[in-house]
Amino acid sequence: PRDVPLTEEAHQIVEGELAKHPDSPFVFLNGDGKPYSTHSLDTRLKRCCRRAGIESKSVYSMRHTFAVVLAGSGVNLALIKELMGHSNISTTTRYTKHNEEYHRQAVQFVADHCARLQNGEGGKAEKTDRVTDRGGNAKKGSPQDKDTKA
């Protein structure tokens, strides 16, 4: 077993489920008091997506999206590896390998840092919330877009 951090809402849901069946090692049980099969879990997830009015997703695709969003947000790969439960970081790197936009933004981050050094600003590199299009221009509604309007 491993520790998995939960949001407060998720923690409350898990606690509520555990209270329903304190003698079971499983958190979520079906109506018969048995663990969900892969198929029944997938069916329930598709039903939830349909009710929410969103495109149907599989458990795997949601897990993949979790990792891609973390990687795209600049979260350290070692942390993503731990959160995903991967034993080898090479498994984790597949979530960042083919994302051209994230690669471009990483290179832009270094270029911005070098420009600050050149301008005498020096100091430690700071992560920015830069949101740009492929041409490097601020996307409409992004923080730097708002700065240029002032």
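Higher on the page you've got the structure.
Residues numbered from 1 in each chain as written. Predicted model: local features only at pLDDT ≥ 70, side-chain atom pairs only at ≥ 80, totals over all residues. Heavy atoms only, no water.

Asker: Looking at this structure, how should I read the overall build of the chain?
Answerer: The helix and strand tally for the chain stands at seven helices and zero strands. Along the chain, from the amino end to the carboxyl end, the secondary structure elements read α-α-α-α-α-α-α. By residue count, 17% of the 150 residues in the chain fall in the buried class. The contacts of the chain with a sequence gap of at least 6 include a subset with a gap of at least 24, amounting to 23%. Just so you have it, the chain exposes about 11,500 Å², and 56% of that area is on carbon and sulfur atoms. (Helix = DSSP H or I, 4+ residues; strand = E, 2+ residues; numbered from the N terminus. Buried < 20%, exposed > 50% of the residue type's maximum accessible area, 1.4 Å probe, protein only. Contact = heavy atoms within 4.5 Å. Areas by Shrake-Rupley, 256 points an atom, 1.4 Å probe, with all protein chains shown as cover.)

Asker: What's the story with a positive patch on the surface in this structure? I'm lost.
Answerer: A surface patch of positive charge is lined by Arg 44, Arg 47, Arg 50 and Arg 51. Within the element layout of this structure, Arg 51 appears in helix H2 (residues 38-52). (Patch = residues over 30% accessible without salt bridge, like charges linked within 9 Å, V, L, I, M, F, W, Y side chains within 5 Å. Salt bridge = Lys/Arg side-chain N within 4 Å of Asp/Glu carboxyl O. Lys, Arg positive; Asp, Glu negative; His and termini not counted. Charge placed at Lys NZ, Arg CZ, Asp CG, Glu CD.)

Asker: Explain the pattern of salt bridges to me, please; I cannot follow it from the model alone.
Answerer: Two side chains of opposite charge can pair, provided their charged atoms sit close to one another. Applying the stated criterion across every chain, the model contains four salt bridges. Notably, a salt bridge pairs Asp 42 with Lys 46, separated by 3.5 Å at the nearest N-O pair. In this pair, Asp 42 and Lys 46 both sit in helix H2, four residues apart, roughly one turn of the helix. A salt bridge links Lys 81 to Glu 82, with the shortest nitrogen-to-oxygen separation between them at 3.1 Å.

Asker: What am I meant to see in the side chain of Glu 17 here?
Answerer: Secondary-structure assignment places Glu 17 in helix H1 (residues 8-20). Assessed through its relative accessible area of 16%, Glu 17 is described here as buried. Those residues in contact with Glu 17 that sit more than four places away from it in its chain are Val 27 and Phe 28.

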